[in-house]
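# Geometric and topological summary
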Amino acid sequence: MIAVLRTPESRFQSLPDFPYTPHYIDTLPGHTGLRMAYIDEGPRTAAQTFLCLHGNPSWSYLYRKMIPVFLATGARVVAPDLYGFGRSDKPADIGTYHFDFHRNALLALVEHLDLRGVTLVCQDWGGILGLTLPMAAAARYRRLLVMNTVLATGDAPLPAGFLAWRDWCAGREDLAPGRLLQRSHRSMTAAEAAAYDAPFPDTRYQAGARAFPSMVCDRADAPGAAISRAARDWWQQEWRGQSFMAIGTQDPVFGIDVMTALRTCIAGCPAPLLVAEGGHFVQECGEQIARAALAHWQAAA
């Protein structure tokens, strides 16, 4: 049996601008006994559902500036915490974390909640994983809002900025998420930075955060690479939904060049919104992005 850590609920008290009640499930197929946390706001019968997927080393708190905009449309908003992050359980063994471990959990959650009319909202690992989901259940997905991420297909060199990030993370026990996000977005308050640190009472809880940089596919036979190549083909050849892309131009990891290449893989993706003040965690400028995406889709309707 693997050792699993669970962040005390007391760590999540008084989160700035994040009043949402967490939901929990520990019966996802293939992950029985591991508790996944997610927020689920708005009408369960809504015609639209926004599925918001975070990356590393953040959690669903990253979407606090976008969620109110989505809810104001009458939509449902679901934002899970990946295993190892947020309020979800955190296996202590770094070897537990791999591409299929997370992808299969997300697929199972979508099925469990029977999400329909989905707008996939994704960034960083939320995109690396999330962009492979719709091809498995295409009828569930209607739109895509993609930000500062990549399809890790393993058949192209990884961006230099990502390689620098991976080298920085190597051997580092404490990724200090709060300081990391605050460095990317200087306007972040101390209380907001503390909210990003909340899931990690000490470095034992950061196994997932330390594992993720080395999980990005860097060769054609890497775990997840074949699925990602199939997803690239699907987005190019099969996708018929609406798309919107936003790029935090200050991102040294998945910036304009990376996102421009990704845009060519998404059929019908319009010119991106360039967020001049946005870094890698561009959801910190999320209200602007959410409103722009909604306006674009409304105009195109």
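The structure reproduced in this document is the subject of the present report. Not measured: the values here are computed from a predicted model.

So, on to the packing of aromatic side chains. Within this structure, the stated rule accounts for 18 aromatic pairs. The interplanar angle of 90 degrees and the centroid separation of 5.2 Å between the aromatic rings of phenylalanine 18 and tyrosine 20 together place this pair among those described as edge-to-face. The class for tyrosine 20 is buried, based on a relative accessible area of 11%. Ring centres of phenylalanine 244 and tryptophan 297 lie 6.5 Å apart, and the angle between their planes is 75 degrees; this geometry places the pair in the edge-to-face category. Placement of the pair is phenylalanine 244 in strand β9 (residues 242-248) and tryptophan 297 in helix α10 (residues 286-300), with a sequence separation of 53 residues. Of the aromatic side chains, those joined through ring pairs into one cluster are Phe12, Phe18, Tyr20, Trp59, Tyr61 and Tyr196. Sitting above the plane of the phenylalanine 12 ring, arginine 87 keeps its charged end 4.8 Å from the centroid. Its end group placed over the ring of tryptophan 168, arginine 172 keeps NZ or CZ at 3.8 Å from the ring centre.

Among the nine residues in helix α7 (residues 207-215), seven count as buried, and that is most of the element. Among the residues making up α7, those that are buried are Ala207, Gly208, Ala209, Ala211, Phe212, Pro213 and Met215. Contact partners of the buried residues in α7: β6 (90-91), α2 (99-113), α3 (125-130) and α4 (160-169).

If you look at the biggest cluster of nonpolar residues, it comprises 66 residues, and the most contacted ones within it are Leu51, Leu120, Leu144, Trp235 and Ile266. The element best represented in this core is α2, accounting for eight residues. Non-local contacts of isoleucine 266, meaning those with residues more than four positions away in its chain, are made with Leu144, Val146, Trp235, Trp239, Ser243 and Met245. Counting residues in each nonpolar core, the second largest holds 38 residues, with Met66, Val69, Phe281 and Ala293 among its members.

Spatially, β2-β3-β5-β4-β7-β8-β9-β10 is the arrangement adopted by the eight strands of the open sheet, whose pairing is mixed. What marks the edges here is a single partner per strand, and that holds for β2 (22-25) and β10 (273-275). Here the average twist between neighbouring strands, direction ignored, is 20 degrees. One ladder, built from four bridges, connects strand β3 (residues 36-41) with strand β5 (residues 76-80); its direction is antiparallel. Note on β5: the bridge partner recorded for glutamate 41 is valine 77. On top of the sheet, α2 reaches β2, β3, β4 (49-53), β5 and β8 (141-147); it is set at about 40 degrees to β3, its chief contact. Sheet strands touched by helix α9 (residues 256-263): β8 and β9. Its angle to β9, the strand with the most contacts, is close to 170 degrees.

To continue, consider the packing of helix α5 (residues 177-184) against helix α6 (residues 190-197). Between α5 and α6, whose axes approach to 7 Å, the crossing angle comes to 135 degrees. Judged on the interaxial angle alone, α6 and α5 are oblique. Both α5 and α6 take part in a crossing whose hand is right-handed. Across from Pro177, Gly178, Leu181 and Gln182 in α5, the residues of α6 making contact are Ala190, Ala193, Tyr196 and Asp197. A class-by-class count of the residues in the contact of α5 with α6 yields five nonpolar, two polar and one charged.

About the thresholds
Residues numbered from 1 in each chain as written. Predicted model: local features only at pLDDT ≥ 70, side-chain atom pairs only at ≥ 80, totals over all residues. Heavy atoms only, no water. Phe/Tyr/Trp six-rings, centres within 6.5 Å; stacked < 30°, edge-to-face > 60°. Buried < 20%, exposed > 50% of the residue type's maximum accessible area, 1.4 Å probe, protein only. Helix = DSSP H or I, 4+ residues; strand = E, 2+ residues; numbered from the N terminus. Lys NZ or Arg CZ within 6 Å of the ring centre and 35° of its normal. Contact = heavy atoms within 4.5 Å. Core = buried A, V, L, I, M, F, W, Y, C linked by side-chain atoms within 4.5 Å. Pairing = 2+ DSSP bridges. Axes fitted to C-alpha atoms, helices over the stretch in contact; angles between N-to-C directions. Parallel < 35°, antiparallel > 145°, perpendicular 65-115°, else oblique. Left-handed = near helix turned anticlockwise from the far one by under 90°. Nonpolar A, V, L, I, M, F, W, Y, C, P; charged D, E, K, R; others polar.

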